[in-house]
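Breakdown of the fold
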Amino acid sequence: MSSLTNTGEIRTTAVLDPAHTGNIEGALGTIDVTDNAPRRTLSARLRTLIAIVGPGLIVMVGDNDAGAFGTYTEAGQNYGTSLLWTLLLLVPVLYVNQEMVLRLGAVTGVGHARLILERFGRFWGAFSVIDLFILNGLTIVTEFVGISMGLSYLGIPKVPGVIVAALVIIAAVSTGSFRRFERLCLILVLGSLLLVPIVLMAHPPVGQVVHDFLVPGVPAGAGLSTVVLLIIGIVGTTVAPWQLFFQQSYVIDKRITPRFMNYEKVDLWIGIVLVVVGAGAMTAIAAATFAGRPAFGHFTDALGVAQGLGTNVGKVAGILFAIALIDASIIGAAAIGLSTSYALGDVLGLTHSLHRKVSEAKGFYAVFAGLLVVAAVIVLVPGSPLGLITVGVQVLAGVLLPSATVFLLMLCNDKAVLGPWVNSRILNIFTSAIVAILVMLSIILTASVLFPRIDSAVVVGILVAGSALALLAGVAFALYRRRNPFAPVEETIDRTERHNWRMPPLALLAPPKLGIGQRVGLTALRVYLLAAVVLVIVRIAQLAIGG
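Counting from 1, residues in each chain are numbered in the order their sequence is written. A pLDDT threshold of at least 70 governs which residues receive local features in this predicted model, and a stricter bar of 80 or more applies before side-chain atom pairs are shown or counted, although totals over entire chains, interfaces and linings include all residues. As a convention, hydrogens and water are excluded, and side-chain values are obtained from all of the structure's heavy atoms.

Some details on the overall build of the protein
- Numbering of helices and strands runs from the N terminus; a helix is a DSSP stretch of H or I covering at least four residues, while a strand is a stretch of E covering at least two. Within the protein, the secondary structure is distributed over 22 helices and four strands.
- Relative to its length of 547 residues, the protein is compact, with a C-alpha radius of gyration of 23 Å against a globular reference of 24 Å.
- With the C-alpha coordinates of the protein rotated into their principal frame, the extents come out at 70 × 55 × 50 Å.
- Throughout, a contact is declared for two residues whenever any of their heavy atoms are within 4.5 Å. In the protein, the share of contacts with a sequence separation of at least 24, taken over all contacts with a separation of at least 6, comes to 83%.
- Values of accessible area rely on a 1.4 Å probe in the Shrake-Rupley scheme; residue burial ignores everything except the protein chains shown. Per element, the accessible surface of the protein, about 22,800 Å² overall, is 69% carbon and sulfur.
- Residues scored as positive are Lys and Arg, those scored as negative are Asp and Glu, and His as well as the terminal groups of each chain are ignored. To locate a charge, take atom NZ for lysine, CZ for arginine, CG for aspartate or CD for glutamate. Once the 35 positive and 27 negative side-chain charges of the protein are each reduced to a mean point, those two points are 4 Å apart. Here the radius of gyration uses the C-alpha set of atoms, whereas the globule reference equals 2.2 Å times the residue count to the power 0.38.

Some words on the pattern of salt bridges
- Only one rule defines a salt bridge in this text: a Lys or Arg side-chain nitrogen within 4 Å of an Asp or Glu carboxyl oxygen. Per the stated rule, a full pass over the model turns up eight salt bridges.
- In this structure, D17 and R356 form a salt bridge, with 2.7 Å as the shortest nitrogen-oxygen distance. Of the two residues, D17 is situated in the loop between β2 (10-12) and β3 (24-26) and R356 in the loop between α15 (315-348) and α16 (362-380); the sequence distance between them amounts to 339 residues. Neither residue differs from the other here; D17 and R356 are each classed as buried.
- Shared partners join several salt bridges into a network, and the residues in it are E99, R103 and K265. For the exposure calls, accessible area comes from a 1.4 Å probe over protein chains only, and a residue counts as buried if that area is under 20% of its type's maximum, exposed if over 50%, partly exposed in between.

Thoughts on the environment of V59
- Along the chain, the position of V59 falls in helix α2 (residues 55-63).
- Judged by relative accessible area, which is 0%, V59 ranks as buried.
- Sequence separation of V59 and D455 is 396 residues, and the distance between their C-alpha atoms is 35 Å.
- The contact partners of V59, leaving out residues within four places of it in the chain, are Q98, W242, Q243, F246 and Q247.

Side note on unusual backbone geometry
- Even without glycine at this site, H203 takes up a positive phi of about 55°.
- Located in the positive-phi region is R255, a residue other than glycine, with phi close to 70°.
- The residue R255 is located in the loop between α12 (241-253) and α13 (261-290) in this model.

Side note on the packing of helix α5 (residues 112-120) against helix α17 (residues 386-411)
- Put simply, α5 and α17 touch, their axes get as near as 11 Å, and they point 70° apart. Compared by their axis directions, α5 and α17 come out roughly perpendicular. Facing α5, whose interface residues are H112, L115, I116, R119 and F120, α17 presents A404, F407, L408, M410 and L411.
- Here the term charged refers only to Asp, Glu, Lys and Arg, the term nonpolar to Ala, Val, Leu, Ile, Met, Phe, Trp, Tyr, Cys and Pro, and the term polar to all other amino acids, Gly among them. Residue composition of the contact of α5 with α17, grouped by class: eight nonpolar, one polar and one charged. Working convention: axes come from line fits to C-alpha atoms, limited for helices to the stretch in contact. Angles between N-to-C directions cover 0 to 180 degrees. Note on terminology: angles under 35 degrees are roughly parallel, angles over 145 are roughly antiparallel, angles of 65 to 115 are roughly perpendicular, and the others are oblique.

Quick notes on the nonpolar core
- Counting residues in each nonpolar core, the largest one holds 170 residues, and the members touching the most others are W124, F144, L338 and L354.
- Residues contacting L354, with those up to four places away along its chain left out, are V173, G176, S177, F178, F181, Y250, D253, L338, Y342, F364 and Y365. We call a set of buried Ala, Val, Leu, Ile, Met, Phe, Trp, Tyr and Cys residues a nonpolar core when their side-chain atoms join them within 4.5 Å.

Given below as structure tokens:
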């Protein structure tokens, strides 16, 4: 496909859908495709930022969804604010992962699933889409569970309330106007700020909150294995596979190019601040609401938190919490559903853009609407195994997240894909460490489902063994590099003209050259994923039949 570069010349790019090229039409402003003027004044930069804001903000706030409301309030009700420090540790993980996908989106113009398919083959391409489809579908079910809880507290009948919510979400996505959808999302983002007055009403101890944000600690008297599993739940809630697929495709759909990369990074930072503040607020609210009361340490669900707020803090606090829960579930369902539609559109060659009307992209919108309808029906059907679905979402997300990060890292080191935008050596080392940690947490989470009585000794053993293996692998790789030196990325690629560089069409890319280590790693990853998924499915089936 032909498009304008920043210098005004016509060149061929890899963009798959013509709707992904043209003016940036953000919720709060427009940037013409031919606008190459430098932004020298503060007002010009602010206007540009306001037009760009959206992808990072929406993906981060969408992460504080129904599952997050449950996980963070569980931490607060059961352990006070003692686990707030985990949120700060996740900030660099969030930024690194999402910065890499926004870079991939702006530079390549091709969605995450399609890049995996083209660069790593049909198996991994199909695997990435199928597991995303299943995991996202189950996660959307949990969003409707959150909506039903909020409606229940407000005294609104569940059946008509859930149906109306599903129709509203589908209608919001299907307007045929990217700008209109983004404006609706930003309204929902503002709705997430309802947590602020609730915090003021609950009066959590500010000094203790600040201390627990900055100083790591383990809740006194709590079992190590229980705490570790909750921390893994916080990680899985905060860093989810759908985020990678959604932000990359949304950046493409918004028509953001490398020229505006730095503005999009600011957008991402704004989103990260909001997600951390929101998560901290939920934890502090639950901690202050139940501290010193019989229900402390006995978390049930987000509805129980709303009821506790209504009883211990005030009816208004409970109502605001229920509305915030519904708001978060709606934006979560919309973002997660879109990540699936974008991915399938990329892989199947469907037109897939919010700039298109329903008549122009029937498959794209049909996938989205189908996911929402099925999820809503499951929630409304009496006797649906909602508890098992919640467990399945947590475990599958934990199992699949390491693989998603592995492919993200490999794509961001693929010179044919990113050219002068490939990762630096320092970023690769940091991301590799993240992958190692995620694999260990994934193994612990999977083991906890297969063996519910897992004790602290096993958890510590996995952490120690995993750390030792990761260290040995790092040492082995360092020795290999010393004996087989090669120039680092920074010395082999000219980054001076990268703002004018876009990935060529996929058909023109040279096949990826995988080293022995990468091939062995991918084989091991394939074996682990297949084994873990099968074992988890078997265990969940046993639970379903009362085993």
